[in-house]
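In case you want the letters, here they are:
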Amino acid sequence: MELLKKITEAFGPSGREDGVREVIRKEIEAYVDEIKVDNMGNLICHKKGNGKKLMMAAHMDEIGIMVTHIDKNGFVRFAPVGGVYPYNCIHRAVRFENGVEGVISGEGKTAMRDWNLDKMYVDIGAESYSEAAEKLKIGDMAAFKGEFMVMGKKVSGKTMDDRVACYTLLEAVKRVEDCPNDFYAVFTTQEELGLRGARVAAQVVEPDMAIAVDVSLVGDTPESNIVDLTLGKGPSIKLRDASYIISPKARDFMLKCANECGIPYQLEAATFGGTDTGAIMLTGRGVPSATTSIPCRYIHSPQETVHMDDVENEIKFLVQMIGTEID
Ligand code: CO
Ligand code: ZN
C-alpha cells in the first residue's frame, strides 16, 4: 500500500513523467536484466527469455493543466493536458512542478454550470502580474492534488489512472519466477494525449504480442449509465474500446491464463475511451494485442477509486501471463 501511495503521489502530467519514472526504475531495477529509456521517455524494462517477445504496457502520465496566460492581477489561465473536464476542476487544488499550489475557480459573471476551461483560472495567491510571474511562466504544468485514502477494501486517490496499473505491473515483475517469454515491461508516456509514448515504445521493442494494463470506468454507482463492469469483481479482459478491437490470438491467450490462475475476471466491451493497445496494435506489421483493466470509479478526477481485491487479482493475472509461453 505504501508503494501504491508513493507511485500515485508522484508528479507526472503527460510529457513530464520523469518523477514517476524514477520511482518505478528504483523499484524494478533489481528484478530485470536491462533497462532503457527511449526518445519518448518510455521506461523499457527487459527480462530476458528464450521465447517470443511479450510486451506489457502501463502509462505513467496523468492529466494536468498548462499555464497559457497570467493576467494583471496575477490570476493564471490554463489549457488542459489530456482529458480534463470542467466539472472535475471546480475549486480543486493543483500543484505545479516547482511546488507552487493553487485553487481552480471560474469567472463570477458566468453561471457555474457554464464554466468551461476558458472561463476558469488558477488562483495561486498572487496579487499582481509580477508576483505571479515570479512563481510561474507560460508552459509550466500542474497536476491535480488528491488525498490517498483507504476506505475499507477500496482505495481512493489521484492518478489511479494509470499508476495503479504501473503498480500491478511492477509487482507482477517482482513476483514472476519462470519467464519463458522474452519479456518487456514498458512504462509509457503521454497516453492521455493520444497514446503517444506507446506508439514509439512498440516500435523499439517490436513485440510478438502486447497487453496494455489500464483502468476502466464502471457502472456500479447510483443511477449510472449501463456499463457492465463492477468494482471488486475482478480485472477485465477488454474486448474493445474506441481505439481497438481485441485480437483473437490475444483474447484466447488471456482467457486461458485467467482460467488457469483461477482469478475472477469480467469481460468488458467499452464503447468509448482508448488505451495504449490502440497504438501498439498498429505498429510494425500489426501486433496481436489487448488490454486488461482494473475497474475504477471517478476516472479523471483527483479521487479515482479502485478495489484492492481487483488490484491483487490483476497482479496474479499478469504473473500468469508473463509466465505462460506465447506462440
Ligand atoms: Co486516463
Ligand atoms: Zn489510463
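(A) Quick peek at the sheet that holds strand β10 (residues 149–151). With antiparallel pairing, three strands are arranged side by side in an open sheet as β10-β11-β18. Two strands bound the open sheet, and with one partner strand each, they are β10 and β18 (304–307). Between one strand axis and the next, the sheet turns by 25° as a mean value, whatever way the strands run. Across three bridges, the pairing between β10 and strand β11 (residues 154–157) is antiparallel. Of the residues in β11, the one forming a bridge with M151 is K154.

(B) Just the pairing of strand β16 (residues 266–269), in detail. Only one face of β16 is buried, namely the one carrying Q266 and E268, since none of L267 and A269 on the opposite face is buried. Pairing geometry for strand β14 (residues 236–241) and β16, over four bridges, is parallel. Within the sheet, the bridge partner assigned to I237 lies in β16 and is L267.

(C) The nonpolar core, seen in detail. Of all hydrophobic cores here, the largest spans 56 residues; its most connected members are M56, F183, F187 and M321. The element contributing the most residues to this core is helix α5 (residues 160–175), with nine residues. The residues touching M321, leaving out its near neighbours within four places in the chain, are L54, M56, N181, I211, F253, M254, C257 and T292. Listed in part, the 22 residues of the second largest apolar core include I63, V67, V94 and A126.

(D) Here's a closer look at the coordination of the cobalt ion (ligand 1). The coordination sphere of the cobalt ion (ligand 1) contains the protein donors D161 (OD), E192 (OE), E192 (OE) and H300 (NE2), at a distance range of 1.8 to 2.6 Å. Given four donor atoms and angles of 54 to 154° at the metal, the environment of the cobalt ion (ligand 1) is assigned as irregular. Site description for the cobalt ion (ligand 1): donor spacing in sequence, D-x30-E-x107-H. Separating the cobalt ion (ligand 1) and the zinc ion (ligand 2) is a distance of 3.5 Å, and D161 donates to both of them. With D161 in helix α5 and E192 in the loop between β12 (182–188) and α6 (196–205), the pair connects residues that are 31 residues apart, well separated along the chain. Taking the relative accessible area as the measure of exposure, E192 reaches 14% and is therefore buried.

(E) Spatial organisation of the packing of α5 against helix α9 (residues 308–322). The N-to-C vectors of α5 and α9 enclose an angle of 50°; their axes lie 8 Å apart at closest approach. As summarised for this structure, α5 and α9 are arranged oblique, according to the angle between their axes. The two elements α5 and α9 cross, and the hand of that crossing is right-handed. Mapping the contact onto sequence places V164, Y167, T168, L169, E171, A172 and R175 in α5 and V311, E312, E314, I315, L318, V319 and I322 in α9. A breakdown of the residues in the contact of α5 with α9 according to their chemical character gives nine nonpolar, one polar and four charged.

(F) Highlighting helix α7 (residues 248–261). Taking 1.5 Å of rise per residue, 14 residues should cover 20 Å, and α7 covers 20 Å from first to last C-alpha, within 8% of that figure. Of the positions making up α7, those classed as buried are A250, F253, M254, C257 and A258. Buried residues of α7, viewed axially, fall in a sector of 125°; they line one side. Looking at α7, the residues exposed on the side facing more than 90 degrees away from the buried face are P248 and E260.

(G) Spotlight on the coordination of the zinc ion (ligand 2). Taken together, the protein ligands of the zinc ion (ligand 2) are H59 (NE2), D161 (OD) and D214 (OD), with distances of 1.9 to 2.3 Å. All donors of the zinc ion (ligand 2) belong to a single chain; written as a sequence motif, their spacing is H-x101-D-x52-D. Under the relative-accessibility criterion, H59 is labelled buried at 1%. When its relative accessible area of 7% is taken as the criterion, D161 is described as buried.

(H) Broad picture of the domain arrangement of the protein chain. Along its sequence, the protein chain is organised into domain 1 (2–62 + 158–322) and domain 2 (64–144). On a C-alpha basis, the centroid separation for the pair domain 1 and domain 2 is 31 Å. Opposite the 13 residues of domain 1 that make contact, domain 2 presents 15 residues. Both faces combined, the contact of domain 1 with domain 2 buries some 1,200 Å², and carbon together with sulfur accounts for 61% of it. Ionic pairing is found between R16 and E97, a salt bridge with its closest N-O pair at 3.7 Å. Our count for the contact surface shared by domain 1 and domain 2 stands at two residue pairs in polar contact (both at pLDDT 80 or more). In the side of domain 1 that touches domain 2, the residues fall into five nonpolar, three polar and five charged.

(I) Representation of the environment of H59. Inspection of the secondary structure assignment puts H59 in strand β3 (residues 53–59). The spacing of H59 and F187 is 128 residues in sequence and 5.4 Å in space, taken between C-alpha atoms. Not counting chain neighbours up to four residues away, the residues in contact with H59 comprise D161, D162, C166, T188, E191, E192, D214 and D276. Within the structure, the side chain of H59 is placed 2.9 Å from the side chain of D161, a separation counted as a polar contact.

Analysis parameters
- Residues numbered from 1 in each chain as written.
- Chains lettered and ligands numbered in written order.
- Predicted model: local features only at pLDDT ≥ 70, side-chain atom pairs only at ≥ 80, totals over all residues.
- Heavy atoms only, no water.
- Pairing = 2+ DSSP bridges.
- Helix = DSSP H or I, 4+ residues; strand = E, 2+ residues; numbered from the N terminus.
- Axes fitted to C-alpha atoms, helices over the stretch in contact; angles between N-to-C directions.
- Buried < 20%, exposed > 50% of the residue type's maximum accessible area, 1.4 Å probe, protein only.
- Core = buried A, V, L, I, M, F, W, Y, C linked by side-chain atoms within 4.5 Å.
- Contact = heavy atoms within 4.5 Å.
- Donors = N, O, S within 2.8 Å, 3.2 Å for Na, K, Ca; no water.
- Tetrahedral: all angles 85-135°; square planar, octahedral: opposite > 155°, others 65-115°.
- Parallel < 35°, antiparallel > 145°, perpendicular 65-115°, else oblique.
- Left-handed = near helix turned anticlockwise from the far one by under 90°.
- Nonpolar A, V, L, I, M, F, W, Y, C, P; charged D, E, K, R; others polar.
- Expected span 1.5 Å × (residues − 1).
- Arc of directions from axis to C-beta.
- Domains from an automatic or database assignment.
- Buried area = accessible area lost by both parts, 1.4 Å probe.
- Salt bridge = Lys/Arg side-chain N within 4 Å of Asp/Glu carboxyl O.
- Polar contact = N/O pair within 3.5 Å; in protein donor to acceptor, adjacent residues only side chain to side chain.

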